[in-house]
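So the chains spell out like this:
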Amino acid sequence: MSELLKVTHLHKEFGKNVVLKDINLTVKKGEVVVIIGPSGCGKSTFLRCLNGLEELQDGVITVDGLPVEANKREITKLRQKIGMVFQSYELFPHMSVLDNIILAPLKVQRRNKEEAVREATELLDKVGLLDKKDYFPRQLSGGQKQRVAIVRALLMHPDILLFDEVTAALDPEMVHEVLETMLALARSGSTMLIVTHEMAFAKAVADRIVFIDKGEIVEETTDVADFFKEPSTPRAKKFLSTFTYE
Amino acid sequence: MDKETLVSYIPLYRDALLLTLKIGWQGILFSFVIGLIGAAITHFKVKVLKTIVGIYIELFRNTPLLVQLFFIYFALPKVGVKITAEACGVLGLGLLGGAYMIETFRSGLESIPIIQTESSYSLGMSKLQTFWYIILPQAVSISVPGLLANVIFLLKETSVFSTISLMDLMFTAKDLIGMYAKTIECLFLLVVFYLIMLLPVSIIGALIERRLRYAGFGD
Amino acid sequence: MLDLGIDVLFKGTNFLRLLQGLWVSIEISLISVVISILLGMIVGVLMTMNNPILHVALKVYLEIVRIMPQMVLLFIVYFGTTRVFGLDLSAEASAIIVFCFWGTAEMGDLVRGSIKSISKVQFESAYALGMDKVQTYWYVISPQTFRRLVPLSINLITRMIKTTSLVMMIGIVEVLKVSQQIIEANRKISPNAAFGVFAVVFLLYFMVCWPISRLSNYLEKRWV
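Now for a look at the structure at hand. (Residues numbered from 1 in each chain as written. Chains lettered and ligands numbered in written order. Predicted model: local features only at pLDDT ≥ 70, side-chain atom pairs only at ≥ 80, totals over all residues.)

On to the overall build of chain A, then. A count of helical and extended segments in chain A gives nine helices and ten strands. A buried classification covers 45% of the 246 residues belonging to chain A. (Helix = DSSP H or I, 4+ residues; strand = E, 2+ residues; numbered from the N terminus. Buried ≥ 20, exposed ≤ 12 C-beta atoms within 10 Å, placed from the backbone.)

We now examine the packing of helix α5 (residues 120–128) of chain C against helix α6 (residues 133–163) of chain C. Residues and elements named next belong to chain C. The interhelical angle for the contact between α5 and α6, taken along N-to-C directions, is 130°, at an axis separation of 10 Å. On the basis of the axis angle, α5 is oblique to α6. For α5 against α6, the interelement crossing comes out right-handed. In contact with Q122, F123, A126 and Y127 of α5, α6 contributes T136, V140 and I141. Here the contact of α5 with α6 is built from residues that sort into five nonpolar, two polar and no charged. (Axes fitted to C-alpha atoms, helices over the stretch in contact; angles between N-to-C directions. Parallel < 35°, antiparallel > 145°, perpendicular 65-115°, else oblique. Left-handed = near helix turned anticlockwise from the far one by under 90°. Contact = placed C-beta atoms within 7 Å. Nonpolar A, V, L, I, M, F, W, Y, C, P; charged D, E, K, R; others polar.)

This part is about the interface of chain A and chain B. Each partner contributes residues to the interface: chain A has 21 residues there, and chain B has 19 residues. Those elements that place two or more of their residues in the side of chain A that touches chain B are α2 (75–81) and α3 (97–107) of chain A. The class makeup of the residues in the side of chain A that touches chain B is eleven nonpolar, six polar and four charged.

Before going further, it helps to spend a moment on the nonpolar core. Core analysis: the biggest nonpolar cluster contains 191 residues, and V34 and I35 of chain A, F70 and L190 of chain B together with L74 and F75 of chain C have the highest contact counts within it. If near-sequence neighbours (up to four positions away) are discounted, F70 of chain B is found in contact with A75 of chain B together with L176 and F198 of chain C. (Core = buried A, V, L, I, M, F, W, Y, C linked by C-beta atoms within 7 Å.)

Counting from both sides, the interface comprises 31 residues of chain C and, opposite them, 29 residues of chain B. Where the side of chain C that touches chain B is concerned, the elements lending two or more residues are α2 (52–67), α3 (70–85), α6 and α8 (193–223) of chain C. Residue contributions to the side of chain C that touches chain B peak at eleven residues, all from α8 of chain C. Of the residues in the side of chain C that touches chain B, the class split is 22 nonpolar, six polar and three charged.

Relative to each other, helix α3 (residues 65–75) of chain B and α8 of chain C sit at 165°, their axes nearing to 9 Å. Taken together, the axes of α3 of chain B and α8 of chain C lie roughly antiparallel to each other. Crossing angle aside, the handedness with which α3 of chain B passes α8 of chain C is left-handed. Two secondary-structure elements touch here, α3 of chain B through V67, F70, F71, F74 and A75 of chain B and α8 of chain C through A194, F195, F198, A199, V201, F202 and Y205 of chain C. Partitioning the contact of α3 of chain B with α8 of chain C into residue classes produces twelve nonpolar, no polar and no charged.

This is the structure:
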């Protein structure tokens, strides 16, 4: 499998506050990588860096061999290769569900409207929201909004999808429907980079687990089942133990 | 009150109202354009222009329209810039209003969370596309009550036009009082005609505000 | 060189007269602002009470102020009162009456807004402690509204000063009237005086209003 995303020596700080230090990571095509770690460990900032929403102090990020650099003209081209789904959905409130989804394909990729609508309709149907296509975001539940946001990202045909704690703002009963959607995506061969606090989901979906703590990668493994049973570093062990009650 | 006097004065007041409305809506349209452009400049933090916009806002928000009009109408011709009284009214109202409109649009723009911009960027949209398709429509609809308040404010401000000898409502009233001393009738018509001009705007404003407060997109 | 006609201002007492004219506007503004703030507080509190008649009356009052240009009000009071009541109000007195009428409404609305912004639970918890209405307003509500109101009241001063430029229309000799007199008197020797004088008046207004609105902005950012 070819390398799709490559991060080398990424260093990010806000003022004097070092958020990420010397991060190295490679994601292959079709791979599902799950990033876990305590709150404030830098994992969300990491995803934002990958999408060129943050400026780096050092290091290189490439997607398909092309460098991701914030504030460069080429960044809009690159972002089309990278889909991102936010914790707070961030649908555009003044547009219907369908308009939200086809906006970027029409305006950015200059695609044919009929074709874009047809594909949007198919995808909405797949996530069970076809009947909501003319609704406005505020008429949807959190889980529905998040599924629309996923469809919106998908319609751009990105090479890789980034998920930033997409279930963290949801009521518990809605978490499941969103995770189901993501699981289906993973099984269909999408390349995904997921930040999450849902450990059971991480275990089910991940090809590889990356554990970040205090801005650095502490543990990285493809033995997903083993990691959750017996992590090799004490910091990961301590983190995982916060999810169990004995 | 003398009925006959009232009736005979009505056409004069009507003409004055039409003149006020003509200058008023042109000036307001002008202020709207200034407002959008100025707000876009401050939003994108365009170098130099941003500073100019800032100075413009401070200058025109901190001086009375009357003084602005006097400057444009009486002072500028002395350095070779001559314009008609009507154009002066439009220009003065537009410049004054623009300073307020920029602020209104700007606070609308600022109220849109930054993550909406990021979410648009993440779809590959450019800065300009993000502004045009995502931020501006939301900001404008948030700004509507403020914009309407500005419109009422500007229509009220037109009452100083008489000082540059435009025959608006105030001019007509003052003129008629001076000539025929039918003070009560003149003042009565003055109030009535201002109500005709401003009450509808005020009512529409109240309705829109209520709608915005209780609803949002999609109702 | 282009004659900008600024020299006129340095002749005799011209500049001093201009400043005296400006002071007339500022004086009227300050008197009106002080009265407006005091009356406005009362009106504002009255508006938050649940008396239906009071509520409607105040609403009508506010709406009149909101849509009638101050100039129209000035005309009504200055020209109208003489005719109807046979009163001979001076122009200054008329101006102060009108600006207080307007300012009280503005201030009242600000006071109402800042009281309304305090959550109902604050009132309820004060009542729950056994305080009466007056005590609640005095000890609990007013300290919280005060900080919001100071910058807004200061802002009212600049608006008042700008609005008082209208009084030249009812014959008060203020800065604009003085300017016209100076320009008129020097028409022969300094034909371009209009430029210099009105430019200076523009700047004078700016120099008075700008610091005040800065202060208001500063306090608003710091306190709210």
